[in-house]
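Structure assessment
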Number of protein chains: 2
Amino acid sequence: MNISGEMIIGHQILRGSAGVVRAYDPARKQDLEPEFGLATPSDLARACELADAAVEPYRALPLEQRARFLETIAQRILDLGPLLIERAGQESGLPAARLEGERGRTVNQLRLFAKVVRDGHFLEATLDSALPDRTPPRPDLRMRKIPLGAVAVFGASNFPLAFSVAGGDTASSLAAGCPVVVKAHNAHLGTSELVGKAVLQAALECGMPEGVFSLLIGEGNQIGGDLVSHPAIRAVGFTGSRAGGLALAQIAARRKEPIPVYAEMSSINPVYLLPGALEAGGARLAGAFVDSLTLGVGQFCTNPGLVIGLAGPQLDAFRDAAAAALQLKPAGTMLTAGIHQAYDNATAKRAGVSGVQLVANGSQEGPGCAARAALYQCDAATFLANPALEEEIFGPVSLIIACRTEDELLAVTRHLEGQLTATVHAVEGDHALAGALLPLLERKVGRILFNGFPTGVEVSYAMVHGGPFPATSDARSTSVGATAIERFLRPVCYQDVPAGLLPEALKDGNPLGIVRLVDGEVKLA
Amino acid sequence: MNISGEMIIGHQILRGSAGVVRAYDPARKQDLEPEFGLATPSDLARACELADAAVEPYRALPLEQRARFLETIAQRILDLGPLLIERAGQESGLPAARLEGERGRTVNQLRLFAKVVRDGHFLEATLDSALPDRTPPRPDLRMRKIPLGAVAVFGASNFPLAFSVAGGDTASSLAAGCPVVVKAHNAHLGTSELVGKAVLQAALECGMPEGVFSLLIGEGNQIGGDLVSHPAIRAVGFTGSRAGGLALAQIAARRKEPIPVYAEMSSINPVYLLPGALEAGGARLAGAFVDSLTLGVGQFCTNPGLVIGLAGPQLDAFRDAAAAALQLKPAGTMLTAGIHQAYDNATAKRAGVSGVQLVANGSQEGPGCAARAALYQCDAATFLANPALEEEIFGPVSLIIACRTEDELLAVTRHLEGQLTATVHAVEGDHALAGALLPLLERKVGRILFNGFPTGVEVSYAMVHGGPFPATSDARSTSVGATAIERFLRPVCYQDVPAGLLPEALKDGNPLGIVRLVDGEVKLA
């Protein structure tokens, strides 16, 4: 398969005529071939209208066919072979091994959602029996979830596969029964085209209605705003910057009919080093911390951007060990020239904050858009007084906060904004302090982890990749894991609907064989 | 118990000092004793701060204690006896039998949520086993839902008990583990005080932390905006006008940390009369329709404000029978002078729309704020051309749309805004048309009912009292029924959290004995 610079609108592969844009190789600092044509407003309208037209036929298909569609997408992505990894590597600067792992995760995610679709548990089928002899009589009431309608998906720069064209938002939307219009991320246009064509191929093979998937190429904020404003779009999935997510949320709220926006935006992911854990293995922790900090050149939503501990010789020893480990870490190529520039500006600014000391840098800058890791330190008072220290810097940078007392550590915690994750390093002797910390952290984050590092987000049933604002725009949801499907569903109740007109999920005898709630009791199939 | 004109802030019963307001008897058109004192800004702040302080201790209580609190509230409301019904009748103009029924519903709702709390199913406990031998190893992952924090509740004028101080929003918030700050509706201040004191008494008896419930009295929009703006408030439950709901949603979206608003706003609840059903029993349907239309002087969110059928002799016969039935219906006292005035203005305006004919009025106006029911008719073209005809008029008014063809009937359906309900009257021979209508209605409404009328909303597991905008501000939820609790929860994931620090709901051995999802399989207790 060649990369042709085209987008996908329904069943058509075509070249946009509103100008051109190219992908960029951040390691070599050069534009990549070919040119990609930009979507016109009528391209965008057509993609949205086709998606809207696909809502009814797509959701009416048997769940088994929907599940096979997801599995076929996974297979067609694998079929792209080394070409996909190579192009994604050129466009992102990410190494092949990382991209192969990310491809595996993308494929597993599609397969997990296929299982979720087959299970049918996501329909939340609920039946309340009629009580004709009650005064007043109770009608027969049944409830299931239905898809919201077409979903706009915005891919993230830092996961060109797992959070992009066929990533978590697309997989969970399609699983929910929602057609998808993806806005390709300009940092990986060729990767997007390849994956988009794999999705189209799967859609054609599986007999999907035209419009179940489109892929638009555009530049700047205009196309994003136009997409979120289009009346056919009923929900938005976004992973990216706080400014970008907030802008889309505001556009969505100003629509004639407001729609939900699931924006995963920014997080600095505090890591707590409790005294016993530091005593038991501070040096080992320092090495693992630096590995997590610099993984993927720090370009993870879950990058550990904050380390919180009690001031003293053991925190100093951790700091010194981390500094030593960090200095050995080579500079790494960042995803885009813009991200690299923003990183350099933000770290320079941080170094200038009164009360903040530079602990160490990674090894000196390399060629291309290579970022040097950085570790800073300050005391709790400095952190509490400087809101800027809580802003996410996208890249391999972290800040150690040395608290004088446990109370100060808890005060810093209460002060934190919403986060995707919080990590606690604790041994048995730390459990009293950890127990005091836990309820505070629950109110602040989507995932609490012990004795590990937050990078690495498992795709499973219990995962929550979400959290209070500004980590996301909607803390009631997750963008990773099986329950991500719930974002694109809403309940409908059927009262005294004749048997022949009931949806399969709600018919007597449970023909789909799904778990249902019957008169308040969970009934297995 | 006397009505003292006081509000409730935490454990204190006190008189607001920011001015006074009185309740009003709409039947006698006169103010009611006593004067109620209005909350100062510091009263509001104190209620919110106490609610925030109560979040941790309240959610930490055993579920059994939370359930008993809900049941005790129900009992203390019943203990108020005839005084409550009498005062609610004076303030609302609603007859005693209706208010006794509403009290029963309010009490049943609290008891249903007590059962929901005990079941623990709402926690959505989910466990994924560790896979230490996998590459990379999978950690131990567990998830449960936690409460969002303090909730602001705005009662509705039309249900002084079931959608007010201890109504569905309060019951579901408290069930979720969220403290509540209620803004009393000024249309039933005395009723609010009585119920508020019953809640406080239950809170004290059950050893609830101070701040789990407060009741504020205020006038105008200022107090509502201040309440929604307060940083301690983490979600809003509202039932009322479209303008009111949208204003609160905008305030919530502009907060530094935006919060969810569940506003149930406006709906005209289309009723479809399919040809076979009209033929089989048009006259009987007309009588039942008029009963539903005029129930509670039409002051229901689910009032049938639109009747859609195919033009012809049978629809004419229905219309004539409805006209005859309507003319016999006495005028009824509306809830407030303002609602009465708005109803008179809106019906007068509707009568003047070109293409709209008056079919019949109810019997002539009575004393007090008495509203005369009204039935209008137009053709589909008139309806499609006049957006004003789709606006809710709160009261006993409806509009018959005579469609020339089935296609026109479907076009009217596609044109409709979001609604709480849609009703289909159909016999076996109508099922082809009903089948074509159903998927369109699913996309438009929260509840579809057959061969009944939409007034009367059962409180059960499968109920959905919600629907797409503008029926509500958030179609993903319901304000009535067991799943209303989900509005006030969000998921938290626990990764490798030591056994001793895990929440009870997620511990090995399932000590709470709740339904859990374990490695993707539903496990009964």
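Residues numbered from 1 in each chain as written. Chains lettered and ligands numbered in written order. Predicted model: local features only at pLDDT ≥ 70, side-chain atom pairs only at ≥ 80, totals over all residues. Heavy atoms only, no water.

Here the focus is the overall build of chain A. Counting its secondary structure elements, chain A contains 14 helices and 25 strands. For 525 residues, the compact-globule estimate of 2.2 N^0.38 gives 24 Å, and chain A sits close to it at 24 Å. Seen through its C-alpha atoms, chain A measures out along the principal axes to roughly 75 × 65 × 40 Å. Classification of the 525 residues of chain A by burial places 65% in the buried group. Expressed as a percentage of contacts within chain A between residues at least 6 apart in sequence, the contacts between residues at least 24 apart total 76%. Surface accessibility of chain A: about 17600 Å² in total, with carbon and sulfur atoms responsible for 53%. (Helix = DSSP H or I, 4+ residues; strand = E, 2+ residues; numbered from the N terminus. Rg over C-alpha atoms; globule rule 2.2 N^0.38 Å. Buried < 20%, exposed > 50% of the residue type's maximum accessible area, 1.4 Å probe, protein only. Contact = heavy atoms within 4.5 Å. Areas by Shrake-Rupley, 256 points an atom, 1.4 Å probe, with all protein chains shown as cover.)

Related by rotation about an axis and a shift along that axis, the two copies of the chain form a pair. Mapping chain A onto chain B is achieved by rotating through 180° and translating by 0.0 Å along the same axis, at an RMSD of 0.0 Å. Considering both components of the superposition, the chain copies are consistent with a two-fold axis. The C-alpha atom lying nearest the rotation axis in chain A is that of A:Ala253; the distance is 4.0 Å. A share of 100% of the interface residues of chain A reappears at the interface of chain B, consistent with the copies meeting face to face through the same patch. (Least-squares fit on C-alpha atoms with pLDDT ≥ 70 in both.)

Let us now look at the pattern of salt bridges. Under the counting rule described, the total for this entry stands at 62 salt bridges over all chains. In this structure, A:Glu417 and A:Arg242 form a salt bridge, with 3.2 Å as the shortest nitrogen-oxygen distance. In this pair, A:Glu417 is assigned in the loop between helix 13 (406-415) and strand 21 (419-425) and A:Arg242 in helix 8 (residues 242-254), connecting sequence segments 175 residues apart. By relative accessible area, A:Arg242 is classed as partly exposed at 27%. For B:Arg118, the salt bridge identified is with B:Glu71, shortest N-O distance 2.8 Å. Taken as a pair, B:Arg118 in helix 4 (residues 96-119) and B:Glu71 in helix 2 (residues 63-79) lie far apart in primary sequence, 47 residues in all. With relative accessibility at 33%, the residue B:Arg118 sits in the partly exposed group. When its relative accessible area of 29% is taken as the criterion, B:Glu71 is described as partly exposed. (Salt bridge = Lys/Arg side-chain N within 4 Å of Asp/Glu carboxyl O.)

Once that is clear, we can look at the sheet that holds strand 19 (residues 374-379) of chain A. As summarised here, the arrangement of the twelve strands in space is 17(A)-19(A)-20(A)-15(A)-14(A)-21(A)-22(A)-23(B)-8(B)-7(B)-24(B)-25(B), forming an open sheet in which the pairing is mixed. Only two strands of the sheet have a single neighbouring strand rather than two, namely strand 17 (357-361) of chain A together with strand 25 (521-523) of chain B. Neighbour-to-neighbour, the strand axes of this sheet turn through a mean angle of 20°, independent of strand direction. Relative to strand 25 of chain B, strand 24 (residues 516-518) of chain B is paired through three bridges, and the arrangement is antiparallel. By the bridge assignment for strand 25 of chain B, B:Val518 is matched with B:Glu521. (Pairing = 2+ DSSP bridges. Axes fitted to C-alpha atoms, helices over the stretch in contact; angles between N-to-C directions.)

What follows deals with the domain arrangement of chain A. Residues and elements named next belong to chain A. When cut into domains, chain A gives domain 1 (7-122 + 138-265 + 475-487) and domain 2 (270-450). Computed over C-alpha atoms only, the centres of domain 1 and domain 2 are separated by 32 Å. The interface is formed by 17 residues belonging to domain 1 together with 16 residues belonging to domain 2. Carbon and sulfur atoms supply 61% of the area that domain 1 and domain 2 bury against each other, a total of about 1200 Å² over both sides. In terms of surface lost to domain 2, no three residues of domain 1 exceed Pro26, Asn158 and Glu264, which account for 31% of the buried area on that side. On inspection of domain 1 and its partner domain 2, the count reaches one salt bridge. For the pair domain 1 and domain 2, the number of links is two residue pairs in polar contact (both at pLDDT 80 or more). (Domains from an automatic or database assignment. Buried area = accessible area lost by both parts, 1.4 Å probe. Polar contact = N/O pair within 3.5 Å; in protein donor to acceptor, adjacent residues only side chain to side chain.)

In this section: the nonpolar core. Counting residues in hydrophobic clusters, the biggest one holds 328 residues, and the most contacted among them are A:Phe69, A:Leu216, A:Ile401, B:Phe69, B:Leu216 and B:Ile401. The contact partners of A:Ile401, leaving out residues within four places of it in the chain, are A:Leu306, A:Val307, A:Ile308, A:Gly309, A:Leu315, A:Cys378, A:Asp379, A:Ala380, A:Phe383 and A:Val412. (Core = buried A, V, L, I, M, F, W, Y, C linked by side-chain atoms within 4.5 Å.)

On to the interface of chain A and chain B, then. Listed by partner, the interface residues are 74 residues for chain A and 75 residues for chain B. Of all residues in chain A, the largest losses of buried area upon contact with chain B belong to A:Glu442, A:Arg443 and A:Arg476, amounting jointly to 13% of the total for that side. At the junction of chain A with chain B, the criterion picks out ten salt bridges. A:Glu442 is paired through a salt bridge with B:Arg59; the nearest N and O atoms lie 2.8 Å apart. For the side of chain A that touches chain B, the secondary-structure elements that each account for two or more residues are helix 1 (41-60), helix 4 (96-119), strand 7 (126-128), strand 8 (141-147), helix 14 (431-444), strand 22 (445-450), strand 23 (489-495) and strand 25 (521-523) of chain A. In terms of residues, the side of chain A that touches chain B owes the most to one element, helix 14 of chain A, which gives eight residues. Of the residues contributing to the side of chain A that touches chain B, the split by class is 36 nonpolar, eleven polar and 27 charged. Examined bridge by bridge, strand 23 of chain A and strand 22 (residues 445-450) of chain B share three bridges and lie parallel to one another. Across the sheet, the residue bridging to A:Cys493 is B:Arg447, located in strand 22 of chain B. (Nonpolar A, V, L, I, M, F, W, Y, C, P; charged D, E, K, R; others polar.)

Tallying each qualifying case throughout the model produces ten cavities of 30 Å³ or more. Counted as a void, the largest cavity has a volume near 420 Å³. In terms of lining residues, the largest cavity is bounded by 26 residues, among which A:Arg476, A:Glu486, B:Lys145, B:Arg476 and B:Glu486 are the most central. Of all the elements in the fold, those that place two or more residues in the lining of the largest cavity are strand 8 and strand 23 of chain A together with strand 8 (141-147) and strand 23 (489-495) of chain B. Here the lining of the largest cavity is composed, by residue class, of eight nonpolar, six polar and twelve charged. (1 Å grid on protein atoms, 1.4 Å probe; cavity = no way out; pocket = protein on both sides within 12 Å on 5 of 7 lines; lining within 4 Å. Points joined across faces, edges and corners; volume = space filled by probe spheres on them.)

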